[in-house]
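Breakdown of the fold
Chain by chain, the residues run as shown.
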Amino acid sequence: VGRNELCNVIIDDVRDQHTRRPHVVVGGAGVGKTALLVQLTKMLADRGAVPVPVRLRDAQRDLDFRELARRRFLGEADHRLLSDTEGEKVWRHLHKNQQVVVLADGLEEALVEGEPGKDRDNLIRLAIQQANADRLPLIIASRPHNPLRETEATIVELEPLSEEAAMEYVRPTGFSNDERRL
């Protein structure tokens, strides 16, 4: 809602092979980070990309954005393909042709269980650095926290929607304005 311009800018940035960097969308609870990722998924697919959404709460031992996306892609494609080998072949082809875009939600939930502990911040920075070195099209949603400082990524601070944008969304079109409904 009300974020199409931001989506277009992010998409243009992650699809440009020469200037690509990971993007981290940062905002507090309820500002629309996940909704933005959903909108980006739709817009990327409409432009011929293959968006691969991953939940970072599933990354508790290590953090490798490319591997998380590969596993998610193969898991989703599994029942549609003839074999695992075919799935790997399709993944490599899409990745090589720069069609895959990884959309990672919930960075603040990654590596919170188990051993990483005090090294967590460094592991997150290293994972983003590796994605940058690999030129991986990556968009991450996160609540603000320390590991985001000095990362090799473009930080996009997401503010809550303005009251006008929110009202425009909920206001019915072609009908009289019923203030109780709003």
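The structure reproduced in this document is the subject of the present report. (Residues numbered from 1 in each chain as written. Predicted model: local features only at pLDDT ≥ 70, side-chain atom pairs only at ≥ 80, totals over all residues. Heavy atoms only, no water.)

1. Things to note about the packing of helix 3 (residues 65-77) against helix 4 (residues 84-96)
Axis separation between helix 3 and helix 4 bottoms out at 10 Å; the angle between their running directions is 130°. With respect to their mutual orientation, helix 3 and helix 4 come out oblique. The chirality of how helix 3 crosses helix 4 is right-handed. Contact residues: Arg-66, Ala-69, Arg-70, Phe-73 and Leu-74 in helix 3; Gly-87, Glu-88, Val-90, Trp-91, Leu-94 and His-95 in helix 4. Residue composition of the contact of helix 3 with helix 4, grouped by class: 6 nonpolar, 2 polar and 3 charged. (Axes fitted to C-alpha atoms, helices over the stretch in contact; angles between N-to-C directions. Helix = DSSP H or I, 4+ residues; strand = E, 2+ residues; numbered from the N terminus. Parallel < 35°, antiparallel > 145°, perpendicular 65-115°, else oblique. Left-handed = near helix turned anticlockwise from the far one by under 90°. Contact = heavy atoms within 4.5 Å. Nonpolar A, V, L, I, M, F, W, Y, C, P; charged D, E, K, R; others polar.)

2. A closer look at the environment of Ile-139
Along the polypeptide, Ile-139 turns up in strand 4 (residues 138-142). The class of Ile-139 is buried, set by a relative accessible area of 0%. In this structure, the C-alpha to C-alpha distance between Ile-139 and Ile-10, residues 129 residues apart in sequence, is 8.3 Å. (Buried < 20%, exposed > 50% of the residue type's maximum accessible area, 1.4 Å probe, protein only.)

3. Concerning the packing of aromatic side chains
The full count for this structure, using the stated rule, is 1 aromatic pair. A ring pair is formed by Phe-73 and Trp-91, whose centres lie 5.5 Å apart and whose planes are at 45°; its orientation type is tilted. Linking Phe-73 in helix 3 with Trp-91 in helix 4, this pair joins segments that are 18 residues apart in sequence. Each member of the pair, Phe-73 as well as Trp-91, carries the same accessibility label: buried. (Phe/Tyr/Trp six-rings, centres within 6.5 Å; stacked < 30°, edge-to-face > 60°.)

4. Notes on the side chain of His-95
Within the element layout of this structure, His-95 appears in helix 4. A relative accessible area of 19% places His-95 in the buried class. Only 3.5 Å separates the side chain of His-95 from the side chain of Arg-66, close enough to count as a polar contact. Residues contacting His-95, with those up to four places away along its chain left out, are Arg-66, Val-100 and Leu-136. (Polar contact = N/O pair within 3.5 Å; in protein donor to acceptor, adjacent residues only side chain to side chain.)

5. Quick look at the environment of Leu-56
Its location among the elements puts Leu-56 in the loop between strand 2 (50-55) and helix 3. Between the C-alpha atom of Leu-56 and that of Ile-140, which follows or precedes it by 84 residues, the distance is 9.2 Å. Leave out the neighbours within four places in its chain, and Leu-56 touches Leu-63, Phe-65, Leu-68, Ala-104, Asp-105, Gly-106, Leu-107, Glu-109, Ala-110 and Ile-140.

This is a description of form; function is not addressed.
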